[in-house]
Amino acid sequence: MKTHTKNAILIPTDFSEVCNNAIEHGMVLAKALASQVWLLHVFDKDTQKYLDENNLEETDIESMLKQTAEKYSEKYGVSVNTHVKYGSLFDKVKEMNEKIQAKLIILGTHGKVGFQKLTGSYVLKIVTSTNTPTIVVQKNSNPVGYKNIIFPITASTEDRQKVMWAINIAKLFDATVHLIPKFESEQYHKTKIMNITKQIKTILSEYNIKFVDKVSSPGAGNFAKQVVDYAVEYKGDLIMTLVDKGKTFFFTSWD
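Here the structure is a predicted model, which means the values were calculated and not measured. Per chain, residues are indexed from 1 in the order of the written sequence. Reporting in this predicted model follows two pLDDT cut-offs: at least 70 for local features of residues, and 80 or more for side-chain atom pairs to be given and counted; totals over whole chains, interfaces and linings ignore these cut-offs and use all residues. Only hydrogens and water are removed before side-chain values are computed, so all heavy atoms of the structure are retained for them.

## Notes on the nonpolar core
Okay, so step 1: One finds V37 and F151 to be the most contacted residues of the largest nonpolar core, which totals 48 residues.
Okay, so step 2: Excluding residues that lie within four positions of it along the chain, V37 makes contacts with I9, I11, G26, M27, A30, V78, S79, V80 and N81.
Okay, so step 3: As used in this record, nonpolar core signifies buried Ala, Val, Leu, Ile, Met, Phe, Trp, Tyr and Cys residues forming a set joined through side-chain atoms within 4.5 Å. Partly exposed residues are those whose accessible area sits between 20% and 50% of the maximum for their type, while under 20% is buried and over 50% is exposed, using a 1.4 Å probe and protein chains only. Among the nonpolar cores identified, the runner-up in size contains 18 residues, and L40, A102, L107 and I126 belong to it. Whether two residues touch is decided by their heavy atoms; if any such pair falls within 4.5 Å, the residues are in contact.

Now the structure itself:
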């Protein structure tokens, strides 16, 4: 196995529809970024149960993984590698990510659909235990890339990495960045968010990125709800947020 590629996108899969959607997201990005894709299946007790219930052998998993790789590689013209690891989902995804030094991880999460139950808690552990940017995919496929990037802004939105990823993705797909500054009643935080928003607009303009902005409203529900409602109304393809692991191991409530 080739390791330390630094130009790979890692996609774990249990062969469910939502994981196929995650693969499609990864393929579109890999093609745009000229990256290779690593498809990973972690063989655990859920896999064994699935095999037992369907009268399958362990080798069938490898065949399924290779067939999936061939299907999407042919469709998108992207190099796809496959690997099966044995153990816990969290440990083995993290281990694989460290070996190939992925530039992105694409995770499909679907609760009780699919035999491995890739739930939000699993995604949370992956996101907070690595420094690798992660795209979390649910039900929607992504055949054309990201055209509308939703970018919430809070008083802690100062990380340049988040801004640069928005710029990179926007350039790849000629996307529009939708800035949503959080409403703050306290003057210090209000001023801080205004200044951060101004700085982000300046940077986006320097890179010729299209953007719009909409200030959240104190009477329209909590900030998370407003961001999601806006994303639905304006057909957002991607919501960008930053996990501050320096403050907490878990997402904040609005994340």
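## Considerations on the confidence of the model for the chain
Okay, so step 1: Known as pLDDT, the predictor's confidence for each residue is given on a scale from 0 to 100. Across the chain, the average pLDDT comes to 84, with 86% of residues at 70 or higher.
Okay, so step 2: Overall, residues 247-251 carries pLDDT values under 50, and its contacts beyond four positions in sequence, including any with other chains, amount to five contacts.

## Structural notes on the packing of helix α2 (residues 45-53) against helix α3 (residues 58-76)
Okay, so step 1: Each axis is a line fitted through C-alpha atoms, and for a helix only the stretch in contact is used; angles between axes span 0 to 180 degrees, taken between their N-to-C directions. Note on conventions: DSSP H or I runs of at least 4 residues are helices, E runs of at least 2 residues are strands, and numbering of each starts at the N terminus. Direction vectors running N to C along α2 and α3 enclose 100°, while the axes themselves pass 10 Å from each other. By the angle class used here, α2 and α3 are roughly perpendicular. For the pair formed by α2 and α3, the contact residues are T47, Q48, Y50 and L51 on the first element and E58, I61 and M64 on the second.
Okay, so step 2: Amino acid classes used here: Ala, Val, Leu, Ile, Met, Phe, Trp, Tyr, Cys and Pro are nonpolar; Asp, Glu, Lys and Arg are charged; the rest, including Gly, are polar. Partitioned by chemical class, the residues of the contact of α2 with α3 number four nonpolar, two polar and one charged. Roughly parallel covers angles under 35 degrees, roughly antiparallel covers those over 145, roughly perpendicular covers 65 to 115, and oblique covers all other angles.

## Focus on the side chain of K162
Okay, so step 1: The residue K162 is located in helix α6 (residues 160-173) in this model.
Okay, so step 2: Counted as a polar contact is a pair of N or O atoms within 3.5 Å, where, for protein atoms, one must be capable of donating a hydrogen and the other of accepting one, and residues adjacent in sequence contribute only when both atoms are in side chains. In terms of polar contacts, K162 uses its side chain to reach the backbone carbonyl oxygen of M240, at 3.3 Å.

## As for the sheet that holds strand β4 (residues 104-108)
Okay, so step 1: The strand order across the open sheet built from five strands is β3-β2-β1-β4-β5, with neighbouring strands paired in parallel fashion. Two strands lie at the open edges of the sheet, namely β3 (80-86) and β5 (134-137), each paired on one side alone. In this sheet, adjacent strand axes meet at a mean angle of 20° when their direction is disregarded. Being paired, for any two strands, means DSSP has found at least two bridges between them.

## Quick word on the pattern of salt bridges
Okay, so step 1: By definition here, a salt bridge exists when the distance from a side-chain nitrogen of Lys or Arg to a carboxyl oxygen of Asp or Glu is within 4 Å. Inspection of every chain in the model, using the stated rule, returns eight salt bridges.
Okay, so step 2: The partner of E95 in a salt bridge is K92, and the shortest N-O contact between them spans 3.4 Å. Within this pair, E95 and its partner K92 are both found in helix α4 (residues 89-100), separated by three residues, close to a single helical turn.
Okay, so step 3: Taking the relative accessible area as the measure of exposure, E95 reaches 26% and is therefore partly exposed.
Okay, so step 4: Of the charged contacts, one joins D174 and K210 as a salt bridge, the two residues approaching to 3.5 Å between their closest N and O atoms. With D174 in the loop between α6 and β7 (176-181) and K210 in strand β8 (residues 210-213), the pair connects residues that are 36 residues apart, well separated along the chain.

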